[in-house]
Amino acid sequence: MPSERCPKSAKEILDLYFLENRARLLDIASFLDRIDRYKESEEAKADFRYKAFIKALKLLLETDENRTKAIQLLFSDQSTEPIESAVGLKAVGAWEGSMV
Amino acid sequence: MKVIDPHIHMISRTTDDYMKLAISGIHTITEPAFWAGYDRCSVPSFHDYFHHLTVVEPARASRFNIKHYCWIGLNSKEAEDLKLAEDVLNIIPEYLDRPTVLGLGEIGLNKNSRNELKVLERQIAIAAERNELILIHTPHLEDKLKGTRLTIDLILNEPRIKPSRVIFDHAEEHTIEEIKDKGFWFGLTLYPHSKGSPERAVDAIDIYGSDNICINSSADWSVSDPLATLKTANEMRRRGHPEALIQKVFYENPKVFLSQCPKFETF
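Because the structure is predicted, anything quoted here is derived from the model rather than measured.

Novice: Would you take a moment to explain the overall build of chain B for this structure?
Specialist: Looking only at helices and strands, chain B features nine helices and eight strands. Taken over C-alpha atoms, the radius of gyration comes to 17 Å for chain B, in line with the 18 Å a tight globule of 267 residues would show. For the C-alpha atoms alone, the extent of chain B along its principal axes is close to 55 × 40 × 35 Å. For chain B, buried positions account for 52% of its 267 residues.

This is the structure we're talking about:
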């Protein structure tokens, strides 16, 4: 639906969003630095959520389009059968099954 | 501008928030039944909650000239105790008859378990028998894709329900297309840490167009913002979208969907 597309050019979008996304990028870098700096860093890096995060960063650079959807799919449970019980379970943001 | 927020949990918000909604132009809201932050232990707890949604909140809202509607249902997080769930389902019809109740919601899945599916199937059957609108909660984070697909299959297996009378809420980039392609409405939720942002919501309009989309704050007791819809409207403005399109997304679209329930009226 081209009539509903943002009427701005890509350069205007870059102008509009560059600074706030530069800040977000620095937040991600400092998050990874923090994990390096704190004790038991290796244990944290072995966690499937950390591994999924690093995989997502690589995907960001390797994917040419629809990066958001690609990362959403990377973090998603790709199985199709219901689980037996949800007692005591909660969502954590990544799926361990995609890291094995 | 006039805004309808089709998903907000005012039971968790202060009276000051009603004032903020009123002075910002959000004069019609709908509140789905949800998880209280803990599992309720008995049917009387649900009676109290449904009474609150259908009597107390409309009264609080009316002090600020805000129309308050609600949805009644059993949240999937409370579906593992099947006996209690069945007892709660038995009291739902009496509340569906109340004048500000728009249908079944938010019902759906959480961790995509067998008991959650059983309870969802029962609630879909109640909606089908009574020809009620349905507001679907899709699961959080890594469970969203699978839960959305399981829910789509379940509803499409019930021939009495028209997809145009169902909204799938908390849709995101990886689920929008499958929901929309089946003829359902979809809701985008502006919830900073676990769902979407104003920027990503406007991206969805850029990519998928403005038909069959509703945008909501889902403001509740966690990190959330009852004015998030207006901030997203402003994001559309910042990108140069016309006022008519903004009005369509934040007022006309929810009005069209919700007006399928004859009880719904807006300013």
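Novice: Whenever I open this one, the domain arrangement of chain A confuses me. Can you help?
Specialist: Its domain assignment divides chain A into domain 1 (7–45) and domain 2 (47–100). Taking the mean C-alpha position of each, domain 1 of chain A and domain 2 of chain A sit 19 Å from one another.

Novice: How should I be thinking about the interface of chain B and chain A in this particular structure?
Specialist: Frequently, the measure chosen for interface size is the accessible area that the parts lose on association. Every contact between the two is made by 29 residues of chain B and, on the other side, 27 residues of chain A. Mapped onto the side of chain B that touches chain A, the elements with two or more residues apiece are α4 (114–130), α5 (144–156) and α7 (198–208) of chain B. Here the side of chain B that touches chain A takes four residues from α5 of chain B, the largest share from any one element. Split into classes, the residues belonging to the side of chain B that touches chain A amount to seven nonpolar, nine polar and 13 charged.

Novice: In this structure, what is going on with the packing of helix α3 (residues 48–62) of chain A against helix α4 (residues 67–75) of chain A? I would like to understand it.
Specialist: When two helices pack together, their arrangement is given by the angle between their axes and by how far apart the axes lie. Residue and element names in this part refer to chain A. At a closest axis distance of 10 Å, the pairing of α3 and α4 adopts a crossing angle of 155 degrees. Relative to α4, the element α3 lies roughly antiparallel. For the pair α3 and α4, the crossing hand works out as right-handed. Of the residues in α4, those touching α3 at Ala52, Lys55, Ala56, Leu59 and Leu60 are Arg67, Ala70, Ile71, Leu74 and Phe75. Of the residues assigned to the contact of α3 with α4, the class counts are eight nonpolar, no polar and two charged.

Novice: Can you walk me through the pairing of strand β7 (residues 185–189) of chain B in this structure?
Specialist: Note on strand geometry: in a regular strand, side chains alternate between the two faces of the sheet. Residues and elements named next belong to chain B. Counted residue by residue, β7 has five buried out of five residues, so it is predominantly covered. Neither face of β7 is left uncovered, since the one carrying Trp185, Gly187 and Thr189 and the one carrying Phe186 and Leu188 both have all their residues buried. Examined bridge by bridge, strand β6 (residues 166–169) and β7 share two bridges and lie parallel to one another. If you follow isoleucine 167 over to β7, its bridge partner there is tryptophan 185. Read from β6 through helix α6 (residues 176–181) to β7, the crossover connection turns out right-handed.

Novice: How should the nonpolar core be read in this particular structure?
Specialist: Within soluble globular proteins, side chains that are nonpolar generally end up buried alongside one another. Ile72, Val166 and Ile167 of chain B are the most contacted members of the largest nonpolar core, which totals 74 residues. The element that contributes the greatest number of residues to this core is helix α9 (residues 243–258) of chain B, accounting for six residues. Leaving out residues up to four positions away in the same chain, isoleucine 167 of chain B has contacts with Leu135, Ile136, Phe184, Trp185, Phe186, Gly187, Cys214 and Phe257 of chain B. If you look at the next biggest cluster of nonpolar residues, it comprises eight residues, including Ala52, Leu74 and Ala94 of chain A together with Leu141 of chain B.

Novice: Which parts of the structure should I look at to understand the confidence of the model for chain B?
Specialist: As a note on interpretation, predicted positions should not be read in detail where pLDDT is low. For chain B, the mean per-residue pLDDT works out to 97, and 100% of the residues sit at or above 70. Taken over the whole predicted complex, pTM reads 0.97, whereas the ipTM for its chain interfaces reads 0.94.

Novice: Help me out: how do you make sense of the environment of alanine 85 of chain B in this one?
Specialist: Residue and element names in this part refer to chain B. Among the secondary structure elements, alanine 85 is positioned in helix α3 (residues 82–96). The exposure class assigned to alanine 85 is buried, which follows from the 20 C-beta atoms found within 10 Å. Residues contacting alanine 85, with those up to four places away along its chain left out, are Leu74, Glu78, Ala79 and Val119.

Cut-offs and rules
Residues numbered from 1 in each chain as written. Chains lettered and ligands numbered in written order. Predicted model: local features only at pLDDT ≥ 70, side-chain atom pairs only at ≥ 80, totals over all residues. Helix = DSSP H or I, 4+ residues; strand = E, 2+ residues; numbered from the N terminus. Rg over C-alpha atoms; globule rule 2.2 N^0.38 Å. Buried ≥ 20, exposed ≤ 12 C-beta atoms within 10 Å, placed from the backbone. Domains from an automatic or database assignment. Contact = placed C-beta atoms within 7 Å. Nonpolar A, V, L, I, M, F, W, Y, C, P; charged D, E, K, R; others polar. Axes fitted to C-alpha atoms, helices over the stretch in contact; angles between N-to-C directions. Parallel < 35°, antiparallel > 145°, perpendicular 65-115°, else oblique. Left-handed = near helix turned anticlockwise from the far one by under 90°. Pairing = 2+ DSSP bridges. Right-handed = clockwise from strand over helix to strand, strands pointing away. Core = buried A, V, L, I, M, F, W, Y, C linked by C-beta atoms within 7 Å. pLDDT = per-residue confidence, 0-100.

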